[in-house]
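Okay, here's what each chain looks like letter by letter:
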Amino acid sequence: MSIDMSQFYQVFFEEASEHLANMETMLLNLDVGAPSLEDLNAIFRAAHSIKGGSGTFGFTDMTQVTHVLETLLDRLRKEELKLRPEMVDAFLAAGDVLRTQLEHHQGGPEADPEEIRAVCARLDELGVDRPEAAQAEPATPPGQPRHLRLSCVLPADLALDASVVGNLLDALAEVAAVKVLHRPDAADPALDLTLTTLRSDGELRDSLAFFVAAESVSLSAHAPEEQAWGLFEDAAEPAQAAADPGFGLFDETPAPATDPGFGLFEDDAPAPPPAQGFKREDEDQDGGYGLFEDAPGRRENLPHRDVAPGEAPAAIEGPGYGLFVQAPNGSGLFEGAPGAERMKAEAPAPEKSPGRRISDQPGVETAKAGRRDNDKTLTATSTDTSIRVSVEKVDQLINLVGELVITQAMIADAAGYLDPAQAEKLLSGIDLLSRNTRDLQESVMSIRMLPMSMVFSRFPRVVRDLAGKLGKQVEMKTVGENTELDKGLIEKITDPLTHLVRNSLDHGIETPEKRVAAGKNPKGTITLKASHQGGNVVIEVIDDGGGLNRERILAKAREKGMNVSDAMSDGEVWLLIMAPGFSTAEQITDVSGRGVGMDVVKKNIEGIGGRVELESITGHGTRIVIRLPLTLAILDGMSVGVGGETFIVPLTAIVESLQPGQEAVKTMAGDSRVIHIRGEYLPVISLAEVFGQGQAGDLTQGIVMVVEAEEGKAALHVDELLGQHQVVIKSLEANYRKVPGISGATIMGDGCVALILDVAAVTRLGLRPGRTQ
Amino acid sequence: MTTTEPSAGIVSSGEYLTFTLGAEEYGIDILKVQEIRGYENPTRIAGSPPFIKGVINLRGVIVPIVDLRIKFKLGDPVYDQFTVVIILNIGRRVVGVVVDSVSDVIQLSSDSLRPAPEFGSSLDTRYILGLGTLDDRMIIAVDIEQLMSGQEMALVEAAAS
C-alpha cells in the first residue's frame, strides 16, 4: 500500500519556507570578504534540506533549482570557490524563485520558467567562472610522475582526420606531458606517444575512451629519454598544430552537436541530471558560440559531443582540467594557443587533493550520502528542541486555560465568604491554585508569542533591494529582535511596518550626494527597534534622513483643502501625513507615494489596538513609534458600571478619569453637554444613553472618563469605576452578530459576560445627532 | 406549498424534543439540541430586539439567548428556577432559546405530519414543518434551523440593519 504523501505536504511547505527564510537571513548577514565556514555550511544545509524535501515529495522543479544552488554552495563551503557579492545576489534570486515555486505548490501562481532558467544559469556560471581561485591553485598532487609509452590504432576514417588526432592529443595533454613519436598517416594508422604523467593507466585510458576503443590502446612503462622540460617544449608544437585544423572544424560543426558537450562540461556538477544540462545549453548557446571562435583551447570539448549525458563525464573531465591548471607547465604548454588564459579562467574548480577527486568519480553517491548523514546529525539537535503544533491546538489550550482562570476566580470569590479560621487549609489551597493558574496562563500565552525577529528578519532584504533600486546607501539596524509579540499581531504588523520602512527609505533617507552635501555620512541608517514598555510592545522605525518638511506638508494640506494654519504645532503638522490621501512625494514611485500610505498604516495599527506616534526633526531624521498590546487575545481594561451593567473600556483608550465639579459642566445648544477639562471643551457622551438605559444622570454624581479615539477626545460618563482587569477577549460574532459600540465580550470573575466597548464607535454613536435611544 | 423540506444537513431523525410555549406544544429536531439548562441572567445587549435577552457565558462560549415566548407572544415571560433554556447547535452557531418547559421526546414520522394552514400568525408557516398529532395533543413541528437563521431573528449579521 502506498502512503499518501500529500498529508505531509503541509509540513514540507512550512519547513521549506522556514529554511528559505533562514537562508536569506544568513545570506544577508554573510561577510562577503571573509565568509565564516559555519554560515556557509548552514546555508548549504538549508538548501540541501529543501532539496531533500522537494525530492521526496516529487516537487522536481524545486529539486532542480536547489540542486544547482547546492552545488555552488557546496563548493563555496569547501573553499573551492571564493564568495563574491554577485553570488549572494544570485543566491537571493534563487531563494525568490524557490519561494515562488513553493507558493505554486500551495496553490499560488506558477513560477516564471524563464526566471528559473536564468537563475540556474547564473548559478552555474558563477560556479564556472573563477579567475582568482585559479591562481590560488595549490601544488601538484603527490606521487612521482611516470613515464609511459602509449600506442594505439585509430579507426582508419579517424586516423586521417588531423583534427581528431589533435583533439586526442589535447585530451591527453591535460593529463600528461605528451611527446608524439608517430602521428598516424595513410600508411600507418597507429599513434605512438610517450607520456609523462601522474595519472593511473585507467585515467589515461579514460581520456582516450572517446576517441579509440580501449582495447586498441597499449600502455607500457617507458624510460624517459629527455628531461621533462624538453618534453614540454616539444609538446607545445603539436598542440599548436592541432589548434589550426580545429578552427576549420568548428566552422563546419553543426551547432546542436556542439552544444550538449558544452553544457555538460561547463557544468562541473558530478554527473548532472540531463534536464539540468539541457537547461544550461539554452542559456549558453550564445556565449558558447563566441567562445568557440576565439578559444581554440576549448576544442577538447567537442569530441565529447557523442557522449551520453549520463556517462559520468565528470570522471574524465575532473582530472583533465585538474592537471591542466595544476601542472606548473600547463600554461606554458598552451602559451602559444590563443585563448589559453581564457581557458584557465573558464576551467571549473580543480579538486584540491587527489583523494577528493577520487571520491568524486565513481563514488559520487557515497560522497553525497556521507554528507547527508553529516547533515542529519547537525540538524537533529535543532529539531529536537521544538515541535510543530497547529495554531488551533494552541488556541484551544489558551481558551481552556482562560476558563480555568475564570473558574479559579469564581472559587476564590466563593471562598471569600468562608471563615478563615475554619477553612484555613482550603483557603491556602485556593491561594496556591490561583498562583499556579496565573503561572500556567502566562506560560500558555507565551506559546503564541514569537520574537520580533520574525518580522525584522525580512527587512534587511527589503532595504537592500530597495536601496539598490533607489541608488541610496542604507544600513539597516535592528535592536531588540527578541522582544516577543503575539503571533496574530506579528502577522498583522508586518505589512504596516514594511510600509513604514519603505517610506523611510524612499522619502526619509536622502541620496548619498545630498547626504554628503548636508555633512552626513553618505550611508543612511534605518533602525528598527522593539522593546517592552509597560504592558505594551513598542516598535520604532528610526531613520537619520531628511526628516519631515513642515512647509511642504502644510502647503500640501492646503492644496488638499485641509483645515490647517501656520500656528499648528509640529506634532499636529506631522499628524497630517497620516490623513487619508496625503502624500508629499513629488513623484509617485513604485516604492511608495500613492497617498494611501500612512493613513492605511495608522488604520491597520489601530485596528489591532495599537497607536502610532511620529517625531521628526527636519534635516536629522524621523522616528515613528508604534505601540501595540502584547497580545490580541488579552486586553487591559477598566471595568465600569453603567446602570447596573458592567462594561470594559480598553485601557489604551483612556486618558484620565475624574469626577467633575458642577462648574466644569456646560451645555451647548441646549442639551449637548460639554465638559471643561484642562483648557479643553470635550463633548460628554453618556454610556447609559448610548446603551439605551434612559436619560443620562447627573454628571457630578458619576465619573467622567476622558477617552481618545479617532474622532478626538471625548468624555464618557459612567456611573462608577469597578476596577482594572486583564480580560480575555471573546467574540460576540461567533454565535451572535456585531453590536454597534461593542468590540467583543469577556467573562468576568463571577462568570458573567461583560461587553467590551469599542471606544471609537461609542464616540461616533454618542456624537451622532440621532443617537440610539 | 405549505411545508418546507427539512434544512440541509442531517436528515431528520424523526425524533422531536417537545416543549411548551404558553398552551401550545412545539417540537424541534432532537439532533439540533445540544443541552437543556436552567435560566441564568444574561448580559443585556443594547439595541437588540426585546426577544433577544442577551448573552450568557456557556463554558467560555458567548451564547445569545432568545426568548421564544416573547418572539411568538405566547405565555408570560417570567423567569424563575423552572424556566428552561434549550441550547441549540445550528450550523456552526450555538444559540439558547427560552421556553416555558420541556416535555418529552417523541417519534413523529414525516408522513404523520399534516401541513399547517396558511394564515398570518407570528410564526411564519415557512418555518413549520407540519402539524403532528400525539394522543390528542397537536405538536407544531418547527424547522428550528431555518427559524433561527431567519431574518426576523436578527441573530445573524445579514439581519443587522
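K.L.:
Sorry, what's going on with the overall build of chain A here?
P.N.:
Helix and strand counts for chain A stand at 28 helices and 22 strands. With 773 residues in all, chain A has 38% of them scored as buried. The long-range share in chain A, meaning contacts at least 24 apart out of those at least 6 apart in sequence, stands at 70%.

K.L.:
Mind showing me how you'd approach the overall build of chain B here?
P.N.:
When its secondary structure is counted, chain B shows two helices and ten strands. Counting from the amino terminus, helix and strand elements in chain B follow one another as β-β-β-β-β-α-β-β-β-β-β-α. Here chain B holds 161 residues, and 35% of them are scored as buried. Considering only contacts within chain B whose residues lie at least 6 apart along the sequence, 58% involve residues at least 24 apart.

K.L.:
Would you take a moment to explain the confidence of the model for chain B for this structure?
P.N.:
Regions with low pLDDT should not have their predicted coordinates read in detail. Residues and elements named next belong to chain B. In the predicted model, chain B carries a mean pLDDT of 79, and the fraction of residues at 70 or more is 84%. Model confidence for chain B, summarised as mean pLDDT per element, is weakest for helix 2 (residues 144–149) at 82 and strongest for strand 3 (residues 33–38) at 91. Taken as a whole, residues 1–11 scores under 50 in pLDDT and shows 19 contacts with residues more than four places along the chain or in a different chain. This prediction of the complex comes with two scores: 0.47 for pTM and 0.79 for ipTM.

K.L.:
Would you mind showing me how to read the sheet that holds strand 8 (residues 101–107) of chain B here?
P.N.:
Within a sheet, adjacent strands bond to each other through the backbone by hydrogen bonds, running parallel or antiparallel. Residues and elements named next belong to chain B. Within the open sheet, the five strands sit side by side as 8-1-2-10-9. Their pairing is mixed. Whereas interior strands pair on both sides, the edge strands pair on one side only; in this sheet they are strand 8 and strand 9 (128–134). Here the average twist between neighbouring strands, direction ignored, is 30 degrees. Relative to strand 2 (residues 24–29), strand 1 (residues 15–21) runs antiparallel, the two sharing six bridges.

K.L.:
Would you mind going over the pairing of strand 9 of chain B with me for this structure?
P.N.:
Two faces, one strand: in a regular strand the side chains alternate between the faces of the sheet. Residue and element names in this part refer to chain B. Relative to strand 10 (residues 137–142), strand 9 is paired through six bridges, and the arrangement is antiparallel. Within strand 10, the residue paired with Gly-132 across the bridge is Ile-139. Between strand 9 and strand 10, which pair antiparallel one after the other, the connecting turn spans two residues, and Asp-135 there sits at a positive phi close to 55 degrees.

K.L.:
Mind showing me how you'd approach the nonpolar core here?
P.N.:
The biggest cluster of nonpolar side chains holds 79 residues, and the ones touching the most others in it are Phe647(A), Val649(A), Ala715(A), Val55(B), Val97(B) and Val142(B). Beyond its immediate chain neighbours, meaning those up to four positions away, Val55(B) contacts Leu732(A), Tyr736(A), Ala745(A), Val753(A), Pro42(B), Thr43(B), Ile45(B), Ile62(B), Val63(B), Pro64(B) and Ile65(B). Core analysis: the next-biggest nonpolar cluster, separate from the first, contains 36 residues, Leu489(A), Ile509(A), Val573(A) and Val601(A) among them.

K.L.:
What should I look at first to understand the interface of chain B and chain A in this one?
P.N.:
One widely used convention gives an interface's size as the accessible area the parts lose upon coming together. On the side of chain A, 23 residues touch chain B, which itself brings 21 residues to the contact. At the level of secondary structure, the elements contributing two or more residues to the side of chain B that touches chain A comprise strand 4 (52–58), strand 5 (61–67) and strand 7 (93–99) of chain B. The element contributing the most residues to the side of chain B that touches chain A is strand 5 of chain B, with four residues.

K.L.:
Explanation requested: the sheet that holds strand 20 (residues 720–728) of chain A in the structure shown.
P.N.:
Residues and elements named next belong to chain A. If you trace the five strands from one edge of the open sheet to the other, you get 20-12-13-22-21, paired in mixed fashion. Whereas interior strands pair on both sides, the edge strands pair on one side only; in this sheet they are strand 20 and strand 21 (742–747). Taking the axes of each pair of neighbouring strands and ignoring which way they run, one obtains an average angle of 35 degrees across the sheet. In this sheet, strand 22 (residues 753–757) lies alongside strand 13 (residues 645–650) in parallel orientation, the contact comprising two bridges. Of the residues in strand 22, the one forming a bridge with Ile-648 is Ile-756.

K.L.:
For this particular structure, what's the right way to read the packing of helix 18 (residues 391–415) of chain A against helix 19 (residues 424–447) of chain A?
P.N.:
Geometry of a packed helix pair, given as the angle between the helix axes and the separation of the axes. Residues and elements named next belong to chain A. Between helix 18 and helix 19, the shortest axis-to-axis distance is 9 Å and the interhelical angle comes to 160 degrees. On the basis of their axis angle, the class for helix 18 and helix 19 is roughly antiparallel. When you trace helix 18 past helix 19, the crossing you get is left-handed. Side by side, helix 18 and helix 19 meet where Val-394, Leu-397, Ile-398, Val-401, Leu-404, Val-405, Gln-408, Ile-411, Ala-412 and Ala-415 of the first sit next to Leu-426, Leu-427, Ile-430, Leu-433, Ser-434, Thr-437, Leu-440, Gln-441, Val-444, Met-445 and Ile-447 of the second.

K.L.:
What exactly am I supposed to notice about the packing of helix 21 (residues 459–470) of chain A against helix 22 (residues 487–508) of chain A here?
P.N.:
Residue and element names in this part refer to chain A. Across the interface, helix 21 lies against helix 22 with an axial gap of 10 Å and an inter-helix angle of 30 degrees. Accordingly, the angle class assigned to the pair helix 21 and helix 22 is roughly parallel. The crossing of helix 21 and helix 22 is right-handed. Where helix 21 abuts helix 22, its residues Phe-459, Val-462, Val-463, Leu-466, Ala-467 and Leu-470 lie against Thr-498, Val-501, Arg-502, Leu-505 and Asp-506. Here the contact of helix 21 with helix 22 is built from residues that sort into eight nonpolar, one polar and two charged.

What counts and how
Residues numbered from 1 in each chain as written. Chains lettered and ligands numbered in written order. Predicted model: local features only at pLDDT ≥ 70, side-chain atom pairs only at ≥ 80, totals over all residues. Helix = DSSP H or I, 4+ residues; strand = E, 2+ residues; numbered from the N terminus. Buried ≥ 20, exposed ≤ 12 C-beta atoms within 10 Å, placed from the backbone. Contact = placed C-beta atoms within 7 Å. pLDDT = per-residue confidence, 0-100. Pairing = 2+ DSSP bridges. Axes fitted to C-alpha atoms, helices over the stretch in contact; angles between N-to-C directions. Core = buried A, V, L, I, M, F, W, Y, C linked by C-beta atoms within 7 Å. Parallel < 35°, antiparallel > 145°, perpendicular 65-115°, else oblique. Left-handed = near helix turned anticlockwise from the far one by under 90°. Nonpolar A, V, L, I, M, F, W, Y, C, P; charged D, E, K, R; others polar.

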